[in-house]
Structures are given as structure tokens and as C-alpha cells.
Amino acid sequence: MRANQDSLLDSFLPHMPDVGRYQAALRELHQTWRLIEASAKMNCPAEARMLLPAVVATRTNLGQLEEALVAKLVSEKVQQVLGEAATRAQYALDLLVRNLFERTADVGFLATDVDLCRFAAGLDDDHERAQARLAAYRDKYTVYDDILVLAPDGRVLVQADAGAHLAASDDPLVAQTLQADGYLETFRATDLRPGQARALVYSQAMRHPETNVPAAVLCLSFRFEHEMAAIFAAYGDRAGRANMLLLDAERRVISSADPLWIPAGVRVPAPPQQADGDAQNDGQQAHVLLFAGRAYLASIFASGGYQGYPGPAGWTSQVMVPLDLAFDSARAGSGGIDATEPRLLQGLLSHADSFNPALHALLSAVTAATHGIKRIVWNGKVTTSVEAHAGNGGNERHDKGDGGAARLGTILDQITETGQRSDAVFSRSIRDLYRTVLASSMRAAEFTSQLLVDMLDRSLYERANDCRWWALASQLRHGLLDADAARRAQAIGAVLKTINALYTVYSRLFVYDRSGVVIAATGSQDVVGARIDGGTLSSVCKLRDPGEHHVEPFAPSAFYGGRPTFIYHAAIRDPEREQAVVGGIGIVFDGATELANMLASGVAGRPGMHAFFCAPDGRVLCSTDPAIGAGTPLGLEPGLLDAAMEDGASVSRIVTWRGQYCVAACTAASGYREFRAGAHREEPVLAVLLQTFGLLRDDAALDAALEPARIESVPEGGRAVALFHAQGALMALDAACVVEAVPFARVKKAPGPDARIGMLDIDLPGQPRAFVWVFDLARLMGGRGAVATPHSQVLLVRKDGRAVGLLVDDVHSVQQFDASQSAPLGLAGGTRPLSKGLIKANGGAVLIQELDIGTIFAALLVSKEATV
């Protein structure tokens, strides 16, 4: 383990100047602790003999914490870089695979197109009509740059690109496709796309409508380079400090986000491959890769496929980050944390044990060390106050002399100062660690929200294309003109049933006539004969050409069983008169299923993560949270959604939601290709990610953590008072009656009667080692029992040779106050009997309740058996 840690530091620490500065500062403080230790031994050995073991233990502990902190800083920064790279790699490949899955469905469906199959089989010789049909398909499904139909001998029968002059192909994929049971996916150079170094072609056999034997081959040429450019633009590093690559099975670059940096065709090293679903890279091992004389961190992702489609064989996505740029502070950014209100950030970080246990453990250890230093100084200050307490009834302390006490006071001041400096460096570095973790979470949430709207837009792009394409089907266009109502309904219903069987993303397809009466539908027939909404019918009849569509607002619909969804419509036109609308087709998107699947893929089982599709007004369209159904207000601050709509980019913030601290990220859908572009705008949709971290904390507790009380002491000559926290308030005891404070962890739990909670094994001055009872001060004062925390302390107090321990929340300081600052308490109703007065500190701005040691012992009925 130590060897791995040293290797990690050797590899990455030289590239992290901010961590190096923390390490240097902590090592300097370590030397200061040594100097304090040496100074105490030389200048006041007698007075410091009880102090030195604690100082040595503190120095040793802080040294170990320094090593742990530096290692954690390095580890978290490495994991942040790898995690972000892995997220980018996963989302890029996932989007590509989902897109290519749609292409496999397209080629299978278009290969069965009746009009095209008749032409391919020689049953229809209208070449112009066939070419127009291919062109119409390509114009709607703009992911293709060309579509071809080839004879079995390779002759080009028809091609969507009317300007192309390809007569025939010698590519073996023609013969291979004719022999295949389904589609073929080919990625390489091909004479089907002359002038291109490579092409991604989907091909499938077209069968004779009468004999069912293969009659031709349909080839769809995918706009691969265009698609990769769009993916790189969305998920690549816009700052240019990392490169995103698509690799083949031999780790050769297929496409590069920056081909001038890493060109296509070169072979690159890759880290051990992550399994599908592991791309969040939580705790993944870092591997430094060398490529072209430069060191890199990299994350690679291999897709597990989508709905049974595996994606092209061996393809992986990889993000490579140069080591010299990976930890640039400008690259890391703050993720919006700087704008977070301090109390909100403090409350979220109080739940660090849930989202980063290792970091929380480190923080707890540093906090414990800080409290240990405070306790050392507090005990030392109690000791040096002996002169002020000389002669106080029954106190058995002895004056150590002016010089020794003064020198010890100086040592304590040095300990205080060095402890504060140590705490400041540790706190600042841990704060930066938390910022690193939270910024990483916020960026990951932004990426996920962007992925969700990208998936949504790409899916709805296909839906808009489908309805427009199916509206061109000759069976529907001629069918609506059939005067025989029964035959018309049967013929149209058969076509819709065939289509719906191939496209399971639709809950229902239906066709209606010019008056809006539904003629035929898939699924339940209860909608046949019903009329569509008048506004929808009017919009469909006004569509100017086959390239337009109409989408109903996301709302409950009788065509979807009363549930809300998107319904896309296109006009069906007279086969002889293109401008004459004879009816329309409606396709009902299975929103409840498909939207939920998209959201679930984004959440991917991550604990505390919730995903939503929302309208700009915060109305939920779909949710991964069963308690928040469609139509329910999300209840998130409107500023987040407004910012996403205005900026057109992903936005993330730390917010409160449903009584919890959350990281929230939001992205507005901006479209895909021509979808959401131009004059026709789709209904605006946003994806919202909420990662919950824990319940809201009490404001008073957070205020106390953010603004600790500072008490002003009189310069000299006053009465020494030991201050501490109990019951959420600042309290005091005369320092003369206090022996020392010890951590509550030393108490041996042995609950007794009343307020007794255990026993403490101690050394009392002038007496043999003994056990004393420890009492819960909060219960003694009539309140609820204290809840012990890692900061809880036990004050060992004495009077007349007897001693007890009092459980308090924490020690504060030892101060001097003059008599004018004390005011007695009367015995009016509600006055706590253990209190003898109030100390007015800081000019009366802070009131400190002073307890009376005599009253405490009297209340406990302490006898000689109080010490055992």
C-alpha cells in the first residue's frame, strides 16, 4: 500500500503545484512544532513536563495527517480527471451506438418499402418516381448522405443523389448482403462513396413482392464524419486540454476530436478497459500512458450495446488528457461553488460521511488534532493561572514561580499560534479537497443532464421523421380515397399494424380523414371513430409541404390512455395533388416507457440521484422518483431552469430541495440537426439532475460552526475563568477549581444513578491514581442529556480534596475578567441553581453563564466515595 502511495505521489505530485505548496507549508509547520518542543524542554522543563508528551503526540499525529492529506489531495485530483474523462468517453460512445441502432431499424424498414421493392423487382419502371422517393427519405432522415438500390450484379438501379454518376459497384458487400439474413454494417473505403476515404454503410436485401426472393440491395450511407463532429463538439473538451478519440479493435484512431493533435490511423496506448456500466470510474486505478513522447492520463469505454444492438465490433471511445495539463487549476474550475452561500455549503459538507467517507475520516482526524491542540493550550492556561487562584478555598495547586509560569505562557502562546496556522493550512487544503469533489459531482451532473436532452432530442428527431415519412406511404394516400369504408379501414389498419410491430417506441399509430375522424388505429380500437382535437386538425391541414409536421403539447391524451405524452402528426396528401390534404397520421410516442428509460440510463443506479424531464415552468414530464409524477411541480428554485433556458448551456448549483441538500444540474434541449431549428419550434424541455446529500441542518448549529465566538480578555490582573461549551451555550468555571480537560473517549462507560455516565481513571496531584465519577452536566442543569461527539470533553474539577468529571460539549479558552464584568443571578423562578452569575464579555455583547463549583458538589452530595 505504501509503495503504491509513493508511486502515485512520484507520478502526479510534480504536476500539482497547489498540492506542492500545501505540502511545503505543512512541513514547515512540522519543523515549528519541533522547535516548540525543544524550547519547552530548555526553558521551562519542570512546568512543561505534563505538557510535552501531548505536544510530541500532536506533532507526530500532524505529521501522519500531512502524509495522508497530501496523498488524498493527489488521489482525488487524479480521480476527478479520470472520472470526467470516463464520463465524456461513455456518453460519446453511448450516443453514437444509440444513433447507429436507429440506422439498423431504418435499413430494415426501408428495404420492405412496397414502392421501392416493386421498382427493384422490375414491376414498376418509373425511375423518376423511385429516385424522388429515395430523395424524400434522405431529406427527412438527414443522417444519410446518400441512398442507393443496386441490382444483384452491382448495377445502380436508383440513387437518392440525382447528381451522382455511379453506374455500378464492385464492392463485395453487394453479394454478402444478398446472402445475409438481415442487415450488414460496413465501415471502410467503398466505391459506393467515391472520393471518401471511408464510409459507414448499412445494407439489406430487398425482396421481390411476389416471389420473396432477393431482388436488389438497399444501401444507406450514414453521415459518419458529420455525426462524430457533433458528438465531439458536445462532449469533447472545449478548452482543448484533452482529446477524444474513437478507436477500432486494434486501438487505431477512427476519429479524433483534434486530428492535428492525434490524427486518424495512428495507434494509441490505452488503459485497462472498463466494463460497461463502470464508466463513472469510482476509485479506478490511474495509469500513466506514453504517446509521442508525452505522458497522458486516459479513460476508455466499450459499449454494452443498446436494445440488443452491440455497436460496431471492437469500437471504443477514449479520452486522453496530457499529464502536464490535467491538473491546471483553470481547467478544474469551481463548478459554481464560489457563488454558493456559505451556510448552504457548510450544511452540505456536514454530510461528507455519506458522499466521501475517506475524506470525511481525514477531516475528522484533522478536527480531532485541532481540538487536541486547543485542549493542550486550555489545560496549560489553566495551569499558568495558578497565581491568580492562590489561596482559593481548598485548592491544592502550588505556585511554580513567576519566571517558569511566564515562560510556559510564552510556550502556550506559540502552541496556540502554530496550532492555528496548522489548522488554517489543513482547513484550506481540505476545503479545496471538498471543492474538488463537489465540482466534480456538479460537472458530472451537468454532463448527465446534457446526455439526457441529447437522447431526448435524437429520439424525437426520429419521431418527427417517422410521421412525415409514413405519411408518404402510397397505401395510406390511396387508402384514404377509397370510398369503401370497411376496405379502407382494413387496408390502412394492416399497414399501421406492420409499422407498429417494427417500431416499439410507439404506443399507437392512427390515421384520420380530412374531417378528423379516426379511420384506423393500432392497439385498442376504442379510438376508431373518434375525432382528433380541432386545433390539431387545423394545424395538420395547414402544413405546407411533406417536410413539415405538427406535435401536440405534452399533455394527457385519450390516445394514450389518459396519460401525458408527445403525439406527432403529418398530413397525408392526395397522390395526384400534393397540396390537397386528405387526412393525417398520428404517432403516439410511448412517453411513459421511453422517457423513463432515458432517465434511468442517466441515473444508472447512482445513490441519491434523481432525474427529471421538465417544462420551463418546472412542471414534471417524467421522473425517476415515484413520488413525483407527471404534471407535478418539481419544486426547485426557478432561477436554475431560467438560467439554463437563457444560457443554452448546462447549469449546476448547490440547492436545497424537499428538505435536503442537493447538487442540481439542468440543461435545456437545444435540438439535433434540423430538429428544433428554423421557424417551427418544438415544445421546450429541460433535463434536471438532483443528487441528494442529506437532510438540512439546524441554522443555529451552522452559524456556530461558521462564526465561532471570540472573547476579549482583560490585559492583566483579572480573575482567571475557564470557558467551555455546554447545552449549546458558552459557560464558565473559576479556573482555580479545574484540574484539566480530557477527551470523552477516555471515559469508561458505567452508567449509574442520576446523571452519572461513567468513570475516569486519573492522576490527582498529591494522591495515588484513582477513578472518579463522570456526570452529564446538561442533565445536572435540568436539561436533556448531552449527545457525545468526537469533540466532547470531560472537565476534571476539584473542591476540598474531592474530584468529579463533568461532560461538556467542548472547551473554549481561559480568559481573565475583572470584578466589574460579573453580575450575580437572583433566585427567581426558572433560574438554574448551578449558576451563580453572568460574565459580561466583549462590552456586554456576549453573556457567559458562570457555574458555582460549590453548588455543583453540593447538588451531587459528593462524599469521600466520589473518588474510588
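Notes on the structure in this doc start here.

Cut-off values and rules
- Residues numbered from 1 in each chain as written.
- Predicted model: local features only at pLDDT ≥ 70, side-chain atom pairs only at ≥ 80, totals over all residues.
- Heavy atoms only, no water.
- Helix = DSSP H or I, 4+ residues; strand = E, 2+ residues; numbered from the N terminus.
- Rg over C-alpha atoms; globule rule 2.2 N^0.38 Å.
- Buried < 20%, exposed > 50% of the residue type's maximum accessible area, 1.4 Å probe, protein only.
- Contact = heavy atoms within 4.5 Å.
- Pairing = 2+ DSSP bridges.
- Axes fitted to C-alpha atoms, helices over the stretch in contact; angles between N-to-C directions.
- Phe/Tyr/Trp six-rings, centres within 6.5 Å; stacked < 30°, edge-to-face > 60°.
- Salt bridge = Lys/Arg side-chain N within 4 Å of Asp/Glu carboxyl O.
- Parallel < 35°, antiparallel > 145°, perpendicular 65-115°, else oblique.
- Nonpolar A, V, L, I, M, F, W, Y, C, P; charged D, E, K, R; others polar.
- Core = buried A, V, L, I, M, F, W, Y, C linked by side-chain atoms within 4.5 Å.

## Observations regarding the overall build of the protein
- Helix and strand content of the protein: 23 helices and 34 strands.
- Computed over its C-alpha atoms, the radius of gyration of the protein comes to 38 Å, more than 25% above the 29 Å expected for a compact globule of 868 residues.
- Along the longest, intermediate and shortest principal axes, the C-alpha atoms of the protein span 120 × 65 × 45 Å.
- Counting the 868 residues in the protein, one finds 53% classified as buried.

## So, unusual backbone geometry
- With phi around 55°, Arg 658 is a residue other than glycine that occupies positive phi space.
- Tracing the sequence through the fold places Arg 658 in the loop between strand 20 (651-657) and strand 21 (660-668).
- The backbone phi angle of Gln 727 is positive, close to 55°, even though this residue is not glycine.
- Structurally, the position occupied by Gln 727 is in the loop between strand 23 (719-726) and strand 24 (729-734).

## As for the environment of Ala 120
- Topologically, Ala 120 is positioned in helix 5 (residues 114-120).
- We classify Ala 120 as buried; its relative accessible area is 10%.
- In this structure the C-alpha to C-alpha distance between Ala 120 and Val 217, which are 97 residues apart in sequence, comes to 8.6 Å.
- Each residue touching Ala 120, except ones within four places of it in the same chain, is listed here: Val 149, Leu 157, Met 206, Ala 215 and Ala 216.

## Considering the sheet that holds strand 28 (residues 770-776)
- Taken together, the six strands give an open sheet; going across it, the order is 25-29-30-28-27-26, and neighbouring strands pair in mixed fashion. With one partner strand each, in any of the chains shown, strand 25 (738-743) and strand 26 (748-749) form the two edges of the open sheet.
- Two elements, strand 25 and strand 29 (residues 793-799), share five bridges in a ladder whose sense is antiparallel. Note that in strand 29 the partner of Val 738 across the bridge is Val 797.
- Its contacts with the sheet put helix 13 (residues 357-384) on strand 25 and strand 29, and the angle it makes with strand 25 is roughly 170°.

## Digging into the packing of aromatic side chains
- Summed over all chains, the structure comprises 19 aromatic pairs.
- A ring pair is formed by Tyr 137 and Trp 469, whose centres lie 4.6 Å apart and whose planes are at 90°; its orientation type is edge-to-face. Here the residue Tyr 137 occupies a position in helix 6 (residues 127-140), and Trp 469 occupies one in helix 15 (residues 402-470), the gap between them amounting to 332 residues.
- Plain terms: the ring middles of Tyr 461 and Tyr 672 are 5.0 Å apart, the flat faces sit at 85° to each other, and that makes the pair edge-to-face. Note that Tyr 461 is positioned in helix 15 and Tyr 672 in the loop between strand 21 and strand 22 (686-695), a separation of 211 residues in sequence.
- On the basis of relative accessibility, which here comes to 6%, the residue Tyr 672 falls in the buried class.
- Among the aromatic residues, ring-to-ring pairing joins Phe 109, Trp 470, Tyr 503 and Tyr 506 into one connected group.

## Description of the sheet that holds strand 13 (residues 550-551)
- Across the sheet, five strands lie side by side as 12-11-17-16-13; this open sheet has antiparallel pairing. This sheet does not close on itself; its edge strands, each paired only once, are strand 12 (518-521) and strand 13.
- Here strand 11 (residues 506-513) pairs with strand 12 via three bridges, running antiparallel. Directly across from Phe 510, in strand 12, lies its bridge partner Ala 521.
- Of the strands in this sheet, strand 11, strand 13, strand 16 (567-573) and strand 17 (581-589) are in contact with helix 18 (residues 534-541), which crosses strand 16 at around 50°.

## Digging into the pattern of salt bridges
- Enumeration according to the criterion identifies 41 salt bridges in this entry.
- In this structure, Asp 324 engages Arg 294 in a salt bridge whose closest nitrogen and oxygen atoms are separated by 3.1 Å. Within this pair, whereas Asp 324 is found in helix 9 (residues 323-326), its partner Arg 294 is found in strand 9 (residues 294-301), the two being separated by 30 residues in sequence.
- Judged by relative accessible area, which is 44%, Asp 324 ranks as partly exposed.
- Residue Lys 381 pairs with Asp 413 through a salt bridge whose shortest N-O separation is 2.9 Å. Here Asp 413 lies in helix 15 and Lys 381 lies in helix 13, a separation of 32 residues in the sequence.
- With a relative accessible area of 41%, Asp 413 lands in the partly exposed category.
- Several salt bridges share partner residues, and in doing so they unite Asp 113, Asp 115, Asp 124, Arg 129 and Arg 133 into one network.

## Concerning the packing of helix 2 (residues 17-43) against helix 4 (residues 52-110)
- Two elements in contact, helix 2 and helix 4, have axes whose closest approach is 10 Å; the angle formed by their N-to-C orientations is 175°. Considering the angle they form, helix 2 stands roughly antiparallel to helix 4.
- Here the residues of the contact of helix 2 with helix 4 sort into 13 nonpolar, four polar and eight charged.

## Examining the side chain of Ser 429
- With respect to the helices, strands and loops of the structure, Ser 429 is situated in helix 15.
- Other than its neighbours up to four places away in sequence, Ser 429 contacts Tyr 22, Leu 69 and Leu 73.

## Some thoughts on the environment of Gly 561
- You can see Gly 561 is positioned in the loop between strand 14 (555-556) and strand 15 (564-565).
- For Gly 561, a relative accessible area of 67% translates into the label exposed.
- With 37 residues separating them in the primary sequence, Gly 561 and Met 598 have C-alpha atoms 21 Å apart.

## Section: the nonpolar core
- Judged by nonpolar contacts, the single largest core of 169 residues is most densely connected at Ile 415, Trp 470, Ile 585 and Phe 613.
- Of the residues forming this core, the biggest block, 26 residues, is contributed by helix 15.
- The contact partners of Ile 585, leaving out residues within four places of it in the chain, are Cys 467, Trp 470, Ala 471, Leu 476, Leu 496, Phe 510, Val 511, Tyr 512, Tyr 568, His 569, Ala 570 and Ile 572.
- Formed by 29 residues, the second largest nonpolar core is a distinct cluster that contains Trp 378, Ala 722, Ala 755 and Leu 860.

## What about the pairing of strand 27 (residues 756-762)?
- By the criterion of burial, strand 27 is predominantly enclosed, with six of the seven residues buried.
- Note that strand 26 and strand 27 share two bridges and pair antiparallel. If you follow Lys 748 over to strand 27, its bridge partner there is Met 759.
- Looking at chain direction, strand 27 and strand 28 are connected through six bridges and run antiparallel. Its bridge partner lying in strand 28, Gly 758 is registered against Val 774.

Keep in mind that these numbers describe shape and distance, not what the molecule does.
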